[in-house]
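# Residue-level structural notes
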Amino acid sequence: MGRTKLILVFGIICLNSVGLSKEKDNFFHHRDEEDNGFFSKDTPQNNLFEIFNQSQPVIFVNNPDLLKVHHPHDFGSEKTTISSSVSDATVPSKDALHLEESSATLGLYLRGVSNNELATPVLQSVLNQLPYVTFARNDTNTATEIANNIQLKLEKYGRLLTKIRTSVEELYFWSHSPPNLHFPPCCSLSPVQFKHDSNFGVSIKSSLSCDTTTSPFQEPNSHFPQSNLSLVFQQNLATTYGLRWQYALTISGQEIVHPAYLTPSRVCNPTKHGQVFLQTLHRESKHIVFVVDRSNQLSSHQFRLGLDTLLHMLSSLSTLDRVSIVLLSTTSEVVDVRPADSCVMGRLLHLSERIRTDLIKYLGKIRQEGSSADLEAGLVTAFNILANSDSRISDHAQIVIISGQSEDPTELEPMLSKLSYLRTKMKSSVSLSFVLLQNLGQRETPGIEIFHKLVASSGTSPSNVLAGKVHFVNTSSSLPLGLGDWYTASPISAIDQPLILPPKLDPISGSLIVSISQTALMMNKVVAVVGLDIALEELSEDISWRPREEGSRIFLIDNNGVTLAHPSLTNRESIANHVEIGLIETDLGFDSALHRIKSMPSGSFSVLNTTYTWQKVESSPYIVVVATRSDIGQMSARLGQVPHHSHTSFQYHGLILAGTSKLCRHLREVASMQTAALYLSPSAFASPSEHLVPDSMPQRTQSYMAYLTDPTRLIANPGLKVGVRNDAQVVAQITDMWKEQAYSSPLNNYIVRRRVATPRGVQLSYPGAPVPAGTDPTASSWYRAAVEMSGLLVVSPPRLDVGGAGYIVTLSQTVFDGPDGANKSIAAVVSADFTQGYFYKIVNDTIRGNICSTGNITCFLLDHHGYLVAHPDLNDRDPRQHSSSPFHLTHLEPLVATDLLSDTHEGFMTKNLCRRQRDQTLQRIFNLDLNQQGILQNVGEHCSQYHISQVPGTNLFLGVVNKTCSTATAFCWCSTVDRTCLDCSRMSQDECECPCECQDSTDQLCAASDQENLVPSCSPEPHPVRRARFSTVRVDQLPPCIHTDCQARQTEADCYGVLGCSWCHTAQDSVTPLAQPFCSYQEKCYSGILAHPSPYSLMYDQSQRSIESDSERPLFRASPIGPVAGGIMAFFLLLAITAWAYRHWSSGERRLLLNSGDQDTLRIDQLEEEPVEDISGPRSGHQNYGLHGPDMSGGITVVSPYRMNPGYRRPRPAPGTDSDHGYSTMTPYGDQDSEIMSCLGDGREVPSVNIQSRRERFRTRNPISLQSVTSGVSSRASSPVPQHMELSALPQEDCPNRGAVSNAGESEGEAGRSSGEENKTLMSDIGSVQGMTALPLGKHQMIVAATVHMVDT
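Residues numbered from 1 in each chain as written. Predicted model: local features only at pLDDT ≥ 70, side-chain atom pairs only at ≥ 80, totals over all residues. Heavy atoms only, no water.

### Concerning the overall build of the protein
Helices and strands together make up the secondary structure of the protein, namely 31 helices and 48 strands. Partitioning the contacts of the protein with sequence separation of at least 6, the portion at a separation of at least 24 is 71%. Carbon and sulfur atoms make up 53% of the accessible area of the protein, which totals about 62700 Å². (Helix = DSSP H or I, 4+ residues; strand = E, 2+ residues; numbered from the N terminus. Contact = heavy atoms within 4.5 Å. Areas by Shrake-Rupley, 256 points an atom, 1.4 Å probe, with all protein chains shown as cover.)

### Regarding the pairing of strand E44 (residues 1073–1081)
Two strands pair when backbone bridges link them, and strand E43 (residues 1061–1066) and E44 are joined in this way by five bridges, in the antiparallel orientation. Bridge pairing in E44 places Cys 1061 opposite Tyr 1081. The antiparallel pairing of E43 with E44 creates a hairpin that spans six residues between the two strands, and Ser 1070 there sits at a positive phi of about 65°. (Pairing = 2+ DSSP bridges.)

### Re the sheet that holds strand E41 (residues 957–963)
Spatially, five strands are ordered E36-E35-E41-E40-E39 in an open sheet, and the strand pairing comes out antiparallel. Edge strands, defined here as strands with exactly one partner in the open sheet, are strand E36 (868–870) and strand E39 (935–937). Each strand of the sheet is rotated relative to its neighbour by a mean of 30°, with strand direction disregarded. By the bridge criterion, three bridges tie E39 to strand E40 (residues 944–950) in an arrangement that is antiparallel. (Axes fitted to C-alpha atoms, helices over the stretch in contact; angles between N-to-C directions.)

### Quick word on the confidence of the model for the protein
When pLDDT is averaged along the protein, the result is 75; 69% of the residues meet or exceed 70. Element-level mean pLDDT values for the protein span from 33 in helix H2 (residues 75–84) up to 96 in strand E31 (residues 794–795). Confidence drops under pLDDT 50 across residues 217–225; counting only partners more than four residues distant or on other chains, this segment forms seven contacts. Confidence drops under pLDDT 50 across residues 1101–1119; counting only partners more than four residues distant or on other chains, this segment forms 47 contacts. (pLDDT = per-residue confidence, 0-100.)

### Here's the deal with the packing of aromatic side chains
Within the structure shown, the criterion is met by 17 aromatic pairs. Each ring, one from Phe 834 and one from Phe 839, has its centre 5.9 Å from the other, and the planes form 85°; the classification is edge-to-face. Accessibility expressed as a relative area gives 1% for Phe 834, which makes it buried. Phe 839 gets classed as buried once you look at its relative accessible area, which sits at 1%. Cation over ring: Arg 596 sits above Phe 605, and NZ or CZ is 4.2 Å from the ring centre. Directly above the aromatic system of Tyr 707 lies the positively charged group of Arg 725, at a separation of 4.0 Å from the ring centroid. (Phe/Tyr/Trp six-rings, centres within 6.5 Å; stacked < 30°, edge-to-face > 60°. Buried < 20%, exposed > 50% of the residue type's maximum accessible area, 1.4 Å probe, protein only. Lys NZ or Arg CZ within 6 Å of the ring centre and 35° of its normal.)

### Side note on the sheet that holds strand E38 (residues 921–928)
Pairing within the open sheet is antiparallel, and its three strands lie in the order E37-E38-E42. The sheet terminates laterally at strand E37 (909–916) and strand E42 (996–999), the two strands that pair on one side only. When the angles between neighbouring strand axes are averaged without regard to direction, this sheet yields 30°.

### Structural notes on the side chain of Asp 863
Following the sequence through the fold, Asp 863 ends up in the loop between strand E35 (857–862) and E36. We note that Asp 863 is buried and unpaired, the nearest opposite charge coming from Arg 799 at a distance of 11 Å. Only 2.8 Å separates the side chain of Asp 863 from the backbone nitrogen of Tyr 867, close enough to count as a polar contact. When neighbours within four sequence positions are excluded, Asp 863 is seen to be in contact with Val 795, Pro 797, Val 869, Leu 928, Asn 955, Leu 956 and Phe 957. (Lys, Arg positive; Asp, Glu negative; His and termini not counted. Salt bridge = Lys/Arg side-chain N within 4 Å of Asp/Glu carboxyl O. Polar contact = N/O pair within 3.5 Å; in protein donor to acceptor, adjacent residues only side chain to side chain.)

### Observations concerning the pairing of strand E5 (residues 243–250)
Burial analysis of E5 places eight of its eight residues in the buried class, the great majority of the element. Relative to strand E18 (residues 525–535), E5 is paired through six bridges, and the arrangement is antiparallel. Residue pairing in the sheet places Gln 246 in a bridge with Leu 532 of E18. Bridge count between E5 and strand E6 (residues 255–258): four bridges; the pairing is antiparallel. Bridged to Tyr 247 within E6 is Val 257.

### Examining the environment of Asn 931
With respect to the secondary-structure elements, Asn 931 resides in the loop between E38 and E39. The class of Asn 931 is exposed, set by a relative accessible area of 62%.

### Re the state of the cysteines
A disulfide bridge is the covalent bond that connects two cysteines by way of their sulfur atoms. The full count for this structure, using the stated rule, is 11 disulfides. One disulfide bridge connects Cys 914 with Cys 1018, the sulfur atoms lying 1.9 Å from each other. For the disulfide bridge between Cys 914 and Cys 1018, the dihedral angle about the S-S bond is near 90°, and by the sign convention the bridge is right-handed. Of the two residues, Cys 914 sits in strand E37 while Cys 1018 sits in the loop between E42 and helix H26 (1052–1055), which places them 104 residues apart along the sequence. One exposure class covers both Cys 914 and Cys 1018, and it is buried. (Disulfide = S-S within 2.5 Å.)

### Things to note about the pattern of salt bridges
Scanning the entire structure with this criterion turns up 31 salt bridges. In this structure, Glu 101 and Arg 848 form a salt bridge, with 3.6 Å as the shortest nitrogen-oxygen distance. A residue pair is termed long-range when its members are at least 10 positions apart, and Glu 101 in helix H4 (residues 99–117) and Arg 848 in the loop between helix H23 (836–846) and E35 qualify at 747 residues. The salt bridge partner of Lys 153 is Glu 541, with a shortest N-O separation of 2.9 Å. Placement of the pair is Lys 153 in helix H6 (residues 139–174) and Glu 541 in helix H16 (residues 541–544), with a sequence separation of 388 residues. Through salt bridges that share partners, Glu 669, Arg 753, Arg 755, Arg 799, Asp 801 and Asp 833 make up one connected network.

### Quick look at the packing of helix H12 (residues 414–424) against helix H13 (residues 448–455)
Interaxial distance between H12 and H13 falls to 10 Å at its minimum, and their mutual angle equals 5°. The angle between the axes of H12 and H13 places the two elements in the roughly parallel class. Residues Met 415, Leu 416 and Leu 419 of H12 form the contact with H13, whose own contacting residues are Ile 450, Lys 453 and Leu 454. Residues that form the contact of H12 with H13 fall into these classes: five nonpolar, no polar and one charged. (Parallel < 35°, antiparallel > 145°, perpendicular 65-115°, else oblique. Nonpolar A, V, L, I, M, F, W, Y, C, P; charged D, E, K, R; others polar.)

### Side note on unusual backbone geometry
The amide bond that connects His 258 to the next residue, Pro 259, takes the cis arrangement and shows omega of 0°. By the element assignment, Pro 259 lies in the loop between E6 and strand E7 (260–261). At the junction of Tyr 766 and Pro 767, the peptide bond is cis and its omega measures out at 0° in the coordinates. Structurally, Pro 767 is set in the loop between strand E30 (762–766) and helix H22 (781–788). Residue Leu 608 is not a glycine yet carries a positive backbone phi of 55°. Within the fold, Leu 608 resides in the loop between strand E21 (602–607) and strand E22 (610–616). Non-glycine residue Asp 1045 carries a positive phi angle of around 50°. Along the chain, Asp 1045 falls in the loop between E42 and H26. In this structure Asp 1045 comes out as partly exposed when scored by relative accessible area, which is 36%.

### What to know about helix H5 (residues 120–128)
The element H5 is extensively covered by neighbouring structure, given that eight of its nine residues are classed as buried. Among the residues of H5, Thr 120, Pro 121, Val 122, Leu 123, Gln 124, Ser 125, Val 126 and Leu 127 are the ones counted as buried.

### Details of a nonpolar patch on the surface
Taken together, the side chains of Val 1124, Ile 1128, Phe 1131, Phe 1132 and Leu 1135 present a nonpolar region at the surface, about 510 Å² in accessible area. Relative to the helices and strands, Leu 1135 is located in helix H28 (residues 1121–1149). (Patch = residues over 30% accessible without salt bridge, like charges linked within 9 Å, V, L, I, M, F, W, Y side chains within 5 Å.)

### Considerations on the nonpolar core
The biggest cluster of nonpolar side chains holds 89 residues, and the ones touching the most others in it are Leu 123, Leu 678, Leu 680, Tyr 838, Phe 839, Ile 847 and Leu 861. Residues within four places of Leu 678 in sequence aside, it is in contact with Phe 650, Gln 651, Tyr 652, His 653, Met 705, Leu 708, Val 762, Gln 763 and Leu 764. Grouped together as the second largest cluster of nonpolar side chains are 60 residues, Ala 147, Leu 229, Ile 256 and Phe 555 included. (Core = buried A, V, L, I, M, F, W, Y, C linked by side-chain atoms within 4.5 Å.)

### As for the packing of helix H9 (residues 300–315) against helix H10 (residues 353–363)
One way to put it is that H9 packs onto H10 with a least axis distance of 11 Å and a crossing angle of 175°. In terms of axis orientation, H9 runs roughly antiparallel to H10. Between H9, through Leu 307, Leu 310, Leu 311, Leu 314 and Ser 315, and H10, the contact on the second element is made entirely by Arg 356, Ile 360 and Leu 363. The residue inventory of the contact of H9 with H10, partitioned by class, reads six nonpolar, one polar and one charged.

### Here we look at the environment of Ser 949
Turning to its location among the elements, Ser 949 is positioned in strand E40. With relative accessibility at 2%, the residue Ser 949 sits in the buried group. Put simply, Ser 949 and Ser 103 are 846 residues apart on the chain and 6.6 Å apart in space, counted from C-alpha to C-alpha. The contact partners of Ser 949, leaving out residues within four places of it in the chain, are Leu 99, Glu 100, Ser 103, Gly 934, Ile 935, Phe 957 and Leu 958. Reaching out from Ser 949, the side chain makes a polar contact with the side chain of Ser 103 at a distance of 3.2 Å.

So, in C-alpha cells, the structure goes:
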C-alpha cells in the first residue's frame, strides 16, 4: 500500500505541475464562481528543471493569446504578414527557441494526462499486488489441441453430409428412373412467414427448401409435398450452429437448396453451387481453352448468351485450374490480361481470384466484330496454346467452342481430318465440346450430325481421349440445366470421400464459407452431388479469436499453402482471395520450410528468428501452425485467483439501454454517465463464433453479469473462457476514478471517451455505450500500436470517430502483468480519445515565445510514421474529400519532408515497402527514428527553416517551420485521385512522394519470387464492424451527456477543439468571411464553413440540417416501428374518412330538402324511393325530381303513402279532435305533408343568389305534372289539383315566411324569414307563363303534392 500511495501522490503532483487548466464550464454542472484561469502575464518562462517546483502551471490549454488558427483561404491578410515579417519574425536560434525543452515539457504533460485521466498508475499498482501463476509454454500441445478441435467439427459436419446423401440415394432407389425433385422455385416464393436471420444475411424460412434452377413460371399452382430430404435439411439446420446452406445437385443440373430465402435484390438471381458440383465430380486440375465466337454472324441475343455461358463455366472452375480464352471472328485473338508478363503469352493461366476478376472485366468490354467466325483457325490456336503450356502425359485438357449454328454444315467437314492431325501432336489427351447458341424459339439445328462427329473420339487419336458433348442453350436462366456436367476431359471421379473446398465469400450473406461435398451413388454410378456450406469463422474460431500473445501467432493453412486464418488477415476479402502463406510468413521461403510443413504430419524447426510448430488435421487438408519468436522465454505468468472487488461501476453493454442507468445523448450515441460499459469480444467466449452477431437472449447476457460479479464464486460459468472474470475484476477498479474525473477534470471538454482492453477481449469504456457485436478491440490500431511500442505513450493520428465526435486522436499506454521481471506480458492497454483540436492547443501552449501565433510560422506534431497529429491546416480539411488515410508530412509540409529524405539526415526518415494483404497491393510507407537525439534542422540559407525534436517517452515529434519567403517550392509526388504511386517501376529513398500504393503485377505467374525480394506484410487493418442500423431509444429526446454549450462560447480560443463545437468564420459559399464569426455545433458549421456538410452526412448519404438548439436535433436512426405504425394508422384514417364521406353523400341523396345545384327544387328526406323506370336523363348526386315535366327538369317528387319510415312516430292529436281515418295514418309524414309545399321557394335560399337568373329559369320551365312517380298511372288514384295552373295568380302574401322543412327538424329562423322575403319578390316578377293555369288561393291555403287513394266501401 505504501508504494500505491506514493504513486498516487506523484501522479497528482505531476498533473498539477504540468498545468491542466480549468474551463469555464463543467460537463455536469455550471460553477457560479469566476474562473480566471491559471495564466497571468507575469508568469515566468518555462524551466524544465523547475517544473515540479512552480506554483503556476506550465501548459495553458485555454489561453486565447497563444492560439491562432490558420485559414488558407485568407490570402489577403497573409501576404502582408509574410513579406513584412521576414526580418522581425524569424525563427530564433537553437538556444533561443528551446524546442528540445518544449518537447520534454510536452512529454511530461502527456504523461500527466495519462496518469490522471486514465488512472494508468493505479491499474499498474493493482496488477503488481495480485498473485500470479507461472506456466511453461508448449507450442506442440497448443497446435495439437487446436487440430483436434477442428477435426471434431469436421466429423460433425461429415455426419450431417452422410444423412443428406442417404436421403438422396433413397429417392433414387425407390424411383426406377432418375427422379425429378419437386420443390418450389426460389424466385416465386411468397414472403409470408419469412424471418430475417443475421447469420444468413437475408430472410429465410427454415422449414422450406427451394429449387434454384426451375423457372418461377413453371408449375405455378402445383403442390410440393414435403419430402424426406427436406426433413433432413430441417433437422441439420436446427441442431448445428455453424451450418449455413445445404444443397443437392443432380447430374442433369437441378439444384435444391435449404433453407429457402428471399433474394435481397429486386432481380432474382439465386446462388448456385456450380463450382462445388464440378470440383466434386472432377477433382483433378483441369486445363481448358475456351473459343468464343464474337462475329456479327451471331445475333445480339446469341452474343450476350455466349458471354454468359463463358462466365458460367469460369465460375465453375477453381483456383487450381488453368484456362485460356480465344476470341474468334475472321481471325483469332488470345485474351491476355497480363501483357507485361511475357512468360504467359499464348499459354494457360492459373485461374487465381485476381486473374478471374481481370478476365471478367475484360469480357465485359468486348464487342462483336467480323463478318463470320473461322472455327478451324480457332481450333488451331487452341491446340497451340495447349502445346505451349507445360503439361504432363497424364494431364487432361479440353477445348470448348461456344458458337452459333453454321449456315452450311458441310464447311465443318474439313475440321474432322484437321482435328485428328492436331491430336497426334499432343502429349496429353484433348477433348472437344461445343456449346451451340440458339435464338429464342429456335428448336431445330441443321447439320447436328457433323458436330457429333467432331466431339466423338477419333480412332487415330490417343486411346484415352473421351468423347465430348454438344450442348444447346437459348436463355441464360437455362444454363445450369443445359450444361450440367460439361467437363468431359476426364471421367467422373471414383473417390467416395468428402471434398473440402477452399474458402469463398457467400454471395448472399457476404460471410466466409467452406463447402464440403460428396457424391451420391446408385449401383456404383454417380447420380447426384450433395453438399453443405459451413461458416469458416466457426471452423477457425480457436485461431482467429484466440487471446493475443506477444511474440507468438497461430495460423491455419491447407495442403496447397493457401491461408485460411492468420492475424494479418483481418479482412474477409483477403481470405477469399486465397493468399499464399509465403506472402505473409516470408521466413517460410528459406530452407524449404514450407515444403516440410506441407509434407510432414507434424514437427517443429527454427527458421531465422522464428520457431514453427505444426500439426495436420486428420482426414482434412488443414494444417495448424504456431510461430514463436526464438527470443521469447518458455516460462510465462498469468493471473491467479483475483480477490472479489465489490463494485457496481460497470454494466454489460447490451443491458445499458434496458437497465436502470440514466441515459443521455453522447453526440450520435446513446450512453450513460452513471456506469461504464463492459464489452466482451468473441475471443472472451468459449464459442466465439456464436457471438459475432447481437445476442437475442437477454437472459444469457444477464447471466454473464451475474457470473462476473458473483462474490461467492458459486455461480457456474455461462460460457466464458478462463481468465475473463479476473480481467474484468481487475480493470473495473479504475472506472470509479474515471467517473470522478468526468465530474471534475478540466479536460472533459476535450475527452470523447476512456477505455481499457485486455488481450482476452475484455473492454471497459466510459461513458457507457453499446458496442457493435463482433468488435475486436485487440485488432484496433491504437491497441496494436501500444503493444508494438510498449512502455511508450502512443498517440495515433486523427481518424473519424464513428460516434460523431469528428476527427479524434487516441492516446494509449500499456500496463503489464506482475512485478518487474524479464518476461513481463502485457495485461491491458488503457486509452482515451481526444478531439483533434485539443492537441493543436497543447502544441501552441508548449512552445515558448508565442511563436505559433505568428502568421509565417507553423507548429506541428507528427508520429513515428510521419502522419500529422496536430497542424493548423488539419481542421480545414474538406469532408467531401474524406479519406481513411490521415494527412502526412509530405502532404502539408513538402519542404520539410524533402530535406528529411535527403542525405543530410540519412537514416532518420526512411521509405519502406510492405504488402497489404487485403488487396495484395504494395504500400510505400515512412518510418521515423524514435532514437533520434537533439534538434533536426535544415542547413544553409533557405526560404523555409524548420526545427524538429523528439518528444521523450512518446512516439511523437514536435516541429516548427518558418517560411521566410513565398517563393519557396518543393515537389512531392502525390496523386490527387487516389493513392496510386506516380511511378511504380522504381522507389528511391531520396525522392519525396506521399504514402502511396502499387499493384503487384507479378502474381508469381512466371516463376517463384526471389526470397530476398519478398515484401513483408503491413500492419493488420481492423475489420470494419457493421454498426446497428436502428436505435430503440429516441436519441434526440435524451439530455446531452456533456454540456459543452458551444453557442455560449464567444471567442475562437474558447471554442477551438471543444467536443462537438466548431468556430464558424466563413459563409456558405466557402469564400466570403462572416462579419461576426461565432461558435456553433459541428452539424451546423463544419470545418468553419456555415452549413457545410459533415463527413457523417456524406458517409450515411443524408444531409445534415442546421441545428439551433437541442430540441431541434434530428433523430438517430429511430426504430422502424414508428413509421410503420404511422403508415398503418394513416391508412385506417383514410379508410374512415372515405366511409364517412360515402355515408354523408348517400344520406344527402335521400335527404328531403337538400338543394345542390338548382335552388328551385325541393327534396324529401329519409324516404327510400324505389327506382323509377320512366325517369330518364342525367341525374346528379343531389337531385330528386317531383312536380316534373316531360323533360324531368326540376320538380318535386310525390311520395307514395305506402312507403313508411319505421322510425317515425305520429304526434298525438289535439284534445277533442279526431284522427284521420283510412290510409292516411300510413303516411310517414302525415300532417307535415300540408306544410312541405306551403311555398314553392326554398327556405334555405341564400340572399346572394342571382335572382334575375332564377326568374329566367322559371319563365322557360315546362308545365308541371303532378302525376305520382311512385304509384304510376292508376285508375284508383286521382289528384285534386288541376294539371295546369298559373303561378302568376298566386298571391304573394299567401306564401308564409317559413324556412325549409326537413326531417331533421330545422326550426324557422332568421335565414328562413329572409329567404321568404326573397321568394315574394321572385313570385311577383315571374309573370304569366304560357300553358299554366292559375289556381286561386285564399288566406291560409297552400299547394300540396298529394295522391288520394280511393277506397271502395
